[in-house]
Structures are given as C-alpha cells and as structure tokens.
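A closer look at the structure
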Amino acid sequence: MLACNTNKKEKNSRDVTTTEDKEVYMFTSFREPATDGLRFLYSYDGYKWDSIPGVFLKPETGIQKVMRDPSIVAGPDGTFHLVWTCSWKGDPGFGYASSKDLVNWSPQQYIPVMAFDTTTVNVWAPELFYDDENKDFVVVWSSTIPFKFEKGIEDEYNNHRLYYTKTKDFKDFTKAELLYDPGYSSIDAIIVKKAPADYVLVFKDNTRPERNMHAAFGKSATGPYQNPTEKFTVNFTEGPSVVKVGDEWLIYFDAYEKKSYDAVSTKDFKTFTDVNDKISVPEGHKHGTIFKAKESILKGLISAKANN
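First things first, this report covers the structure right here in the doc. These numbers come from a predicted model, not from an experiment. (Residues numbered from 1 in each chain as written. Predicted model: local features only at pLDDT ≥ 70, side-chain atom pairs only at ≥ 80, totals over all residues. Heavy atoms only, no water.)

1. Section: the overall build of the protein
Across its full length, the protein holds one helix and 20 strands. Relative to the 2.2 N^0.38 estimate, which gives 19 Å for 308 residues, the radius of gyration of the protein is 18 Å and therefore close to what a compact globule would have. Viewed in the frame of its principal axes, the protein has a C-alpha envelope of about 55 × 45 × 40 Å. Pairs at least 24 apart in sequence give 51% of the contacts found in the protein among residues at least 6 apart. For the protein, the exposed surface amounts to about 13,500 Å²; the carbon and sulfur share of it is 49%. (Helix = DSSP H or I, 4+ residues; strand = E, 2+ residues; numbered from the N terminus. Rg over C-alpha atoms; globule rule 2.2 N^0.38 Å. Contact = heavy atoms within 4.5 Å. Areas by Shrake-Rupley, 256 points an atom, 1.4 Å probe, with all protein chains shown as cover.)

What follows is the structure, encoded as structure tokens:
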C-alpha cells in the first residue's frame, strides 16, 4: 500500500461534551470538482440537513488526488473509518483514513484492491459496511474490466460490475470478489441490514438511457443478492444513501439531471414514497454516506472550524 501524510488539525480540536451526548445524523459530502476534500452535513431528525463549514481532510492519495463519494462507518471501538474514490480512471484502488473525532485523521493510505487485473479501468464509489454478524468491515465498489461481462448497450470501458473485499483491521484485505452482477452495468451500491439474514443492496443501473435506482435482496452482507426491484427513481439519478428514521428507511440520492438531492421512504424496499416535500439538503452537496455520531463529535467539528 502507498501511505501519504495528511494535514492534521490537532491544535484545533477540543473536548466538547453534553449532559446526555445524544446521537445525531451525519452525512459525508464533497463538492465539485472534488479536489477540496471531505465535508459534512448534519441533522437532528434525518430530514432537515445543515452544512458544517469547511473541509476536514484534503485528498493526498491516488493519481488524481480527488475525494469523491466519501463513505464513513464507525467500528465497534468508536473509530470512524473513511474510504473514497481517489481517481476517475487509471487507479485500481481507493483512499482510506481513520479518525476518533472526525477532525484529526490518520495518514492516508491507498488500497489497491483491483491491482490483480492490470486491465481494470477504475474503482468507483467504495462504500463501507460493518458486518456485525461476522465482525468484518465490507467495502463494496464498482469497477470495469473490459471484455469480462456481457456489455449490452454500454461500451466495454464503461461496463461496470459490483465487487467487494473484507477486512478486520484495514491492513489485510481479502481478494476482491464479484458481489453482484444484475446483467448490466451497475455502480453506486450500498449494503443495508434490515434484520439478521435479511439484507438489501441498493444500487444504480448505469446503462443508457436508464441510470436509476434499484434494490436486490440477500441473506448475508455479501449475498448472493437476487430478485431486483423495478426502478424506484426517475432516470438520471445516482449515489444512494440509506438511513433508518423511526420505522421507515429513507433513501437519499442525487437527481443530477434536475440538479437536486431527492429522497424516497420505504418500509420493505419494495414500495417507495416520494418525500421530497419533507427533506432539505444544502445546495452543492454530493454523494456521501449517512451515519450516526454523538452530539459531542458534531460540536467538536463545529468548534474546530470556528477556531481555525
């Protein structure tokens, strides 16, 4: 692996506590052209979102040194793990860093998960999931290996499939394996656990003229996934993010043709309801992941930027 130093902000962090230290919703974010780095939104109800000003980690790894599609999950010990797309093309891996407070970050690493095949075109939108049943972190992403799959309408160099790797420590990773092949180019997958042995894979059909969202179902985090739904968004959408709020799941996504961030709600991932009239997402927000954090973490982020 390649390791790069990151700009730490130790002098700006301070311990901030609350009496109850309740959990809040956090949403990783980036803004085009994706060269600035990691941003955050936050919400107290999962519907109305506000931005935290500033950038918290500047990308320093990969060929193009961008940070697209940042995904964060917290491990059992409270450490936040971050992965991201570090190049459009020509890189067989993704970026990785970790943090205890979302302010101070470990040195960045480059994880070359697809280096075993030198024809790999890209590694897009790595998405983190913690498999509490097997005590593994699972990373799912999309890659194109030309001439490997039936290409349909897509060009050989834009014919993506969904892959995964597992790790317990972000030092040793299992060899990349195919996660799901719906029979067409697919990207932007996210794993959701509804209950034990009840998992959902939300993903994008990336074929023209579709480019919309679907869900498939499996009995483990790594599948096999099957029985995909019909599309539940309009065309020209991408970057799904899923969060449980009350007894419903909210699926946020980038409706990039109409330049808005939209959402639907569902209880079973088979019937979906438009909730755009109930949500509010700051302009400019791009594809990220929703996770929960203590309110003290949020206050620490706000304090760090206020004192920078």
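2. As for the pattern of salt bridges
In this structure the tally under the stated criterion is 13 salt bridges. Shared partners join several salt bridges into a network, and the residues in it are Asp132, Glu133 and Lys193. (Salt bridge = Lys/Arg side-chain N within 4 Å of Asp/Glu carboxyl O.)

3. Some words on the nonpolar core
Membership of the largest hydrophobic core comes to 25 residues, with the highest contact counts inside it found for Met26, Phe40, Leu102 and Trp105. Those elements giving two or more residues to this core turn out to be β2 (23-29), β3 (39-43), β6 (80-85), β20 (290-294) and α1 (295-306). Per element, the largest residue contribution to this core is four residues, and it comes from α1. (Core = buried A, V, L, I, M, F, W, Y, C linked by side-chain atoms within 4.5 Å. Buried < 20%, exposed > 50% of the residue type's maximum accessible area, 1.4 Å probe, protein only.)

4. Thoughts on the environment of Ile111
Position of Ile111 among the secondary structure elements: in strand β8 (residues 108-111). With a relative accessible area of 2%, Ile111 lands in the buried category. With 15 residues separating them along the chain, Ile111 and Tyr96 place their C-alpha atoms 7.0 Å apart.

5. Concerning the side chain of Thr207
As for its position among the elements, Thr207 is in the loop between β14 (198-205) and β15 (212-218). Residues within four places of Thr207 in sequence aside, it is in contact with Ile153, Glu154, Tyr184 and Ser185.

6. Focus: the layout of surface pockets
As a volume, the largest pocket reaches approximately 780 Å³. Around the largest pocket, the lining is made up of 26 residues, and of these Val73, Ala74, Ile290, Phe291 and Lys292 lie nearest the centre. Mapped by element, the contributors of at least two residues to the lining of the largest pocket are β5 (68-74), β9 (124-131), β13 (186-195), β16 (238-245) and β20. The leading source of residues in the lining of the largest pocket is β20, at five residues. Roughly 330 Å³ of internal volume is contained in the second largest pocket. If you trace the second largest pocket, you find 19 residues lining it, with Trp88, Trp124, Ile187, Lys204 and Glu238 closest to the centre. Of all the secondary-structure elements, those providing two or more residues to the lining of the second largest pocket are β5, β9 and β13. Classifying every residue of the lining of the second largest pocket by side-chain character gives six nonpolar, four polar and nine charged. (1 Å grid on protein atoms, 1.4 Å probe; cavity = no way out; pocket = protein on both sides within 12 Å on 5 of 7 lines; lining within 4 Å. Points joined across faces, edges and corners; volume = space filled by probe spheres on them. Nonpolar A, V, L, I, M, F, W, Y, C, P; charged D, E, K, R; others polar.)

7. Considering the environment of Val73
Counting through the fold element by element, Val73 comes out in strand β5. For Val73, a relative accessible area of 14% translates into the label buried. Spatially, the C-alpha atoms of Val73 and Val83 are 9.2 Å apart, while their sequence positions differ by 10 residues. Those residues in contact with Val73 that sit more than four places away from it in its chain are Thr79, Phe80, His81, Leu128, Tyr130 and Phe137.

8. Remarks on unusual backbone geometry
The residue after Arg208, namely Pro209, is reached through a cis peptide bond having omega 5°. For Pro209, the location among the structural elements is in the loop between β14 and β15. In this structure, the amide linkage connecting Gly223 to the following residue, Pro224, adopts the cis form with an omega of 10°. Mapping Pro224 onto the fold places it in the loop between β15 and β16. Even without being a glycine, Ala34 presents a positive backbone phi close to 75°. Examined against the element boundaries, Ala34 turns out to sit in the loop between β2 and β3.

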